[in-house]
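Listed below, chain by chain, are the residues.
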Amino acid sequence: MTSSPTLITGVCPHDCPDTCAWQVTVDPATGRAIRIQGHPDHPITRGRLCGKVDRYLERTYHPDRLPTPLKRVGPKGAGRFQPISWEQALREISERLGEIVARYGPEAIMPFSYAGTMGVLQGEGMAARFFNRLGATRLARTICSEAGFEGFQYVTGRVMGPAPEDFAHAQLILIWGNNTLTSNMHLWPFILQARKRGAPVIVIDPARTRTARAADEWIPIQPGTDGALALAMMHVIVAEDLVDRDYVRRYATGFEQLQARVQAFPPAWAEAVTGVPAERIVRLAREYAAARPAVIRVNYGLQRHAAGGMAMRNIATLPALVGHWRYRGGGVMLSASGAFHLDKSVLKRTDLLGERQPRILNMIRLGDALSLDPERRARAHYAPRPVDRKPAPEDAGPPVMALMVYNSNPAAVAPDQNAVRAGLAREDLFTIVLEHFQTDTADYADYVLPATTQLEHWDILKPYGHLYLALNRPAIAPVGESLPNSEIFRRLARGVGFDDDAFGQDDVSILREFIEAQTHPTMAGITWERLLAEGFVRLTLPEPFLPFAEGFPTDDGKCQLYSQRMADDGYDPLPAWTPPNWMSEDQRLKINDQREVQTLSPDQRPSTSLIINHQSLTLISPPAHNFLNTTFANLARFRRREGEPVVWIHSEDARARDISEGDAVTLENDRGQVQLTAWVTDDVMSGVLLAPTIWWAKLSPDGRNVNWLVSQDETDMGGSPTFYDVRVTVRKTSSPSEHS
Ligand SMILES: Nc1nc2c(c(=O)[nH]1)N[C@H]1C(S)=C(S)[C@@H](COP(=O)(O)OP(=O)(O)OC[C@H]3O[C@@H](n4cnc5c(=O)[nH]c(N)nc54)[C@H](O)[C@@H]3O)O[C@H]1N2
Ligand SMILES: Nc1nc2c(c(=O)[nH]1)N[C@H]1C(S)=C(S)[C@@H](COP(=O)(O)OP(=O)(O)OC[C@H]3O[C@@H](n4cnc5c(=O)[nH]c(N)nc54)[C@H](O)[C@@H]3O)O[C@H]1N2
Ligand code: SF4
Ligand SMILES: [Mo]
């Protein structure tokens, strides 16, 4: 007798706003997963996974999956390992960690993790318990979104916006620094619904991305200048009295100050900064204000610049001025995270820290953090606001002697790879990497520990692009000898002698306890039993969800057009213009001069050549369509689809350098060089280079990716990276030896 296949409900673990629910078909005879599909009943997934995750079984069963623990036998970085047993690995690691704690103190141990999985348990669940109990260095997880989050939060109090389903009700859609079809594809059908009802779709981006091509209009903009565009839109809205005065009176603070401020930022000035014609800015402001409502889908692209926090802050101010938060589908959507009020203290067991307050190091300065020079280590301390101070070198704390990496691939994703790799190559650094594959980072490990994938473990996922909390059930047994992160940290805890009950609890009881501990009204009626039965559950919120229709979760309950909190933290309390790093001093001065000249006749209008320095160009490196950060980038199928590591270059910039389509080119700055293949196109603004990524370094032509060129500089807010604020020169690679 053959039993019929079972269908297991789970959820995609990846760092993607869509957090799709899936169904996995398992053959009971073999226990193997034989099919994966988008959950047909999930209101956002609607039966479809993306072109990466619909191959998740292929990734899970891939012959390159790490089957056993590995111990290094070659030099650091060479990637030579021998398989060992779990028993040996855990014993040797525990011993070494014990020695490091005894000699240097627990702060010499540094976790490094990000969003390989966004699950609450396999992410920072058991790992946090382990590091809290140890008193290890704490990690500021800033690599993606902090600048924008801070900027947004100062204005609204929490980061949330209209639900994706409600985009269907907008009359105008501005996609601002987001390649929706690549990184947020499940939003698109709702955008199409709005479009069918007549809503124009406008993309504001330095590149004509696949999303810009599918939209009604592409408004090209110089990278890192979005704050100026928003200021000029506010200028027009105020000057032409397009303000929703009733909404502003009731729900906003500081309108008079804002009104005075934005007078200094007319569209002609913004044209010089952004490259967007003044006339288009005026029309955009009018169209924006007239829509009932407009929605802005803003995303992380525009905050990966030195002034990214302020840019987001300026944009987040717009909908309050015109009152669009009142209407279904109106407002600005950066992330839905703030709609979730999940208390994670029972999960992470913050109590295990006791009175200790270990130092916090900023993950984007991993190169500095791993340095033996106390001055550089001091620089790696997390100090996200102007009022925060980095410590003196003598207070920087012990050198990092052990690095424990999970859910991340820093030897490809982190800025300033020369510095990162110099740190990882230290023979006295003890590095442990929990992974599915032998990544660039795993090559530097002393021990690599094989982890399970989402098909093989339990978890709960909190999405950031919609309102459905989801449960992931394991569909299959662990592949090879792999173990869930939770189990690896549980065993390590026992290995170093921690006998707390926190390390005795199994995964299901941890998740169940976590759900049962939630008391916020948005979690009312959401029980473990319901998650088991239904798989995904909408937060208990009104339908439609209008987060700021009647006020804001700020100190005075109003939208902070003027923010006292910002003033207290050392920022300009009003929307302001702050330039990106890539602009030279000279360019900045010229822009300020332009601001002084407020009445310009058309022939006096500055042209964008004002800000383009033709020697060097600005490099941006947004997500490749077929990878998810570095995940999938090692598998032949996805590499084939993506082609090779390329750089988009505008035809004029190419001509000026005698670069033709398909040429090998060298991008260079004072941090290093990288070889890429030129793609000559008018789909990127002149002055800008675009290199889709994140490629694995060791699988790239010269063993490097663009993160060799990115600095460890921090954004104005949140201590985030400046991935898209990079000055480089580009030239044809001259000799074959240079193109190794
Ligand atoms: N397929 C795929 N999906 C992904 C990812 C992936 O790697 N691949 N990564 C995931 C992760 S971790 C994240 S954080 C999100 C990222 O999500 P987003 O940050 O929304 O990334 P993109 O969708 O590529 O959008 C970035 C866009 O911003 C543009 N851009 C760059 N600089 C500027 C600027 O200064 N101003 C403006 N207006 N636009 C600018 C880029 O050209 C690009 O089109 O996507 C997630 N989804
Ligand atoms: N130049 C440039 N650099 C960037 C960006 C960019 O746009 N341009 N984007 C930045 C952004 S937005 C982000 S979020 C970061 C992303 O940086 P990371 O979060 O490091 O993302 P990934 O490269 O996908 O690495 C995740 C790793 O976790 C592993 N993993 C997945 N699930 C599990 C699990 O359950 N257990 C364990 N142990 N491992 C698991 C995967 O195999 C993968 O190797 O990169 C940043 N770097
Ligand atoms: S990566 Fe994003 S779009 Fe693809 S399945 Fe996961 S959540 Fe859905
Ligand atoms: Mo990210």
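Calculation criteria
- Residues numbered from 1 in each chain as written.
- Chains lettered and ligands numbered in written order.
- Predicted model: local features only at pLDDT ≥ 70, side-chain atom pairs only at ≥ 80, totals over all residues.
- Heavy atoms only, no water.
- Core = buried A, V, L, I, M, F, W, Y, C linked by side-chain atoms within 4.5 Å.
- Buried < 20%, exposed > 50% of the residue type's maximum accessible area, 1.4 Å probe, protein only.
- Helix = DSSP H or I, 4+ residues; strand = E, 2+ residues; numbered from the N terminus.
- Contact = heavy atoms within 4.5 Å.
- Near = heavy atom within 4 Å.
- Polar contact = N/O pair within 3.5 Å; in protein donor to acceptor, adjacent residues only side chain to side chain.
- Areas by Shrake-Rupley, 256 points an atom, 1.4 Å probe, with all protein chains shown as cover.
- Nonpolar A, V, L, I, M, F, W, Y, C, P; charged D, E, K, R; others polar.
- Domains from an automatic or database assignment.
- Salt bridge = Lys/Arg side-chain N within 4 Å of Asp/Glu carboxyl O.
- Pairing = 2+ DSSP bridges.
- Axes fitted to C-alpha atoms, helices over the stretch in contact; angles between N-to-C directions.
- Expected span 1.5 Å × (residues − 1).
- Phe/Tyr/Trp six-rings, centres within 6.5 Å; stacked < 30°, edge-to-face > 60°.
- 1 Å grid on protein atoms, 1.4 Å probe; cavity = no way out; pocket = protein on both sides within 12 Å on 5 of 7 lines; lining within 4 Å.
- Points joined across faces, edges and corners; volume = space filled by probe spheres on them.
- Buried area = accessible area lost by both parts, 1.4 Å probe.

(A) Focus on the nonpolar core. By size, the foremost hydrophobic cluster in this structure holds 214 residues, and its most contacted members are Phe130 and Trp176. The leading source of residues in this core is helix 8 (residues 226–239), at 10 residues. Not counting the four nearest positions on each side in its chain, Phe130 is found in contact with Leu97, Met404, Phe489, Leu492, Ala493, Val496, Phe498 and Phe503. Counting residues in each nonpolar core, the second largest holds 28 residues, with Cys12, Ala33, Tyr56 and Phe632 among its members.

(B) Just the site of ligand 2, in detail. Taken together, 32 residues lie around ligand 2, and Ser408, Glu435, Thr630, Thr631 and Asn707 are the ones closest in. Contact distances for ligand 2 include 2.9 Å between an oxygen atom and a side-chain N or O atom of Arg59. Contacts to ligand 2 include Leu628, whose backbone N or O atom sits 3.3 Å from an oxygen atom. In the complex, the protein chains occlude 96% of the 920 Å² of accessible area that ligand 2 would expose alone. For the shell around ligand 2, the residue count by class is 12 nonpolar, 16 polar and 4 charged. When we break the shell around ligand 2 down by domain, the ones giving at least three residues each are domain 1 (70–141 + 358–461 + 468–516 + 526–533) and domain 3 (612–739).

(C) Spatial organisation of the pattern of salt bridges. Tallying each qualifying case throughout the model produces 50 salt bridges. The partner of Glu287 in a salt bridge is Arg280, and the shortest N-O contact between them spans 3.2 Å. Note that Asp440 is salt-bridged to Arg421, the shortest N-O span being 4.0 Å. One end of the pair, Asp440, is in the loop between strand 16 (430–435) and strand 17 (447–450); the other, Arg421, is in helix 18 (residues 417–424), with 19 residues separating them in the sequence. A residue is classified by how much of its surface remains accessible, and Asp440, at 2% relative accessible area, is buried.

(D) A look at the environment of Leu471. You can see Leu471 is positioned in strand 19 (residues 468–472). Along the backbone, Leu471 and Phe149 are 322 residues apart, and their C-alpha atoms lie at a distance of 26 Å. Once residues within four sequence positions are removed from consideration, Leu471 is found in contact with Thr9, Gly10, Val11, Trp458, Asp459, Ile460, Trp528, Leu531, Leu532 and Gly535.

(E) Up close: the sheet that holds strand 10 (residues 217–219). The strand order 10-9-8-12-13 describes an open sheet built from 5 strands, whose pairing is parallel. Each having just a single partner strand, strand 10 and strand 13 (331–333) make up the two edges of the open sheet. When the angles between neighbouring strand axes are averaged without regard to direction, this sheet yields 20°. Strand contacts of helix 6 (residues 188–196): strand 8 (172–176) and strand 9 (201–204), with the helix running at about 145° to strand 8, the strand carrying the most contacts.

(F) Molecular detail of the side chain of Asp166. Among the structural elements, Asp166 can be located in the loop between helix 4 (146–156) and strand 8. A distance of 2.8 Å separates polar atoms of two side chains, one belonging to Asp166 and the other to Arg328. If sequence neighbours within four positions are ignored, Asp166 has contacts with Arg328, Gly329, Pro544 and Phe545.

(G) Structural context of helix 2 (residues 86–104). Compared with the 27 Å implied by 1.5 Å per residue over 19 residues, the 26 Å span of helix 2 between its first and last C-alpha is a close match. Within helix 2, the full set of buried residues consists of Trp86, Ala89, Leu90, Glu92, Ile93, Ser94, Leu97 and Ile100. In the stretch just after helix 2, Gly105 is the one whose phi turns positive, near 90°.

(H) Region of the structure containing the packing of aromatic side chains. Scanning all chains against the criterion turns up 19 aromatic pairs. Each ring, one from Phe130 and one from Phe131, has its centre 5.3 Å from the other, and the planes form 75°; the classification is edge-to-face. The residues Phe130 and Phe131 share a single accessibility class, namely buried. The interplanar angle of 15° and the centroid separation of 6.2 Å between the aromatic rings of Phe131 and Tyr406 together place this pair among those described as stacked. Of the two residues, Phe131 sits in helix 3 (residues 125–134) while Tyr406 sits in strand 15 (residues 402–406), which places them 275 residues apart along the sequence. Accessibility classification places Phe131 together with Tyr406 in one group, the buried group.

(I) Broad picture of empty space enclosed by the protein. Under the criterion given, the structure shown has 4 cavities of 30 Å³ or more. Classifying every residue of the lining of the largest cavity gives 8 nonpolar, 6 polar and 2 charged. One number sums up the size of the second largest cavity: a volume of about 80 Å³. Considering the residues around the second largest cavity, the lining is formed by Pro17, Asp18, Ile44, Pro164, Phe167, Asn184, His186, Leu187, Arg297, Met333, Gly465 and His466. In the lining of the second largest cavity, the residues fall into 6 nonpolar, 4 polar and 2 charged.

(J) Seen up close, the domain arrangement of the protein chain. According to the domain assignment, the protein chain consists of domain 1 (70–141 + 358–461 + 468–516 + 526–533), domain 2 (147–337 + 548–568) and domain 3 (612–739). If you look at the interface, domain 2 gives 27 residues, while domain 3 gives 24 residues. Buried surface at the junction of domain 2 and domain 3, both sides included, amounts to about 1,900 Å², of which 62% is carbon and sulfur. Contact with domain 3 buries area across many residues of domain 2, yet Gln222, Arg304 and Ala306 alone supply 27% of it, more than any other trio. At the surface where domain 2 touches domain 3, the tally comes to 2 salt bridges. For Arg213, the salt bridge goes to Asp683, with nearest N and O atoms at 3.8 Å. At the junction of domain 2 and domain 3, the tally comes to 12 residue pairs in polar contact (both at pLDDT 80 or more). Those elements that provide at least two residues to the side of domain 2 that touches domain 3 are helix 4, helix 5 (180–183), helix 7 (210–214) and helix 13 (308–322). Tallying contributions element by element places helix 4 first for the side of domain 2 that touches domain 3, with 4 residues. Tallied by class, the residues present in the side of domain 2 that touches domain 3 amount to 13 nonpolar, 9 polar and 5 charged.

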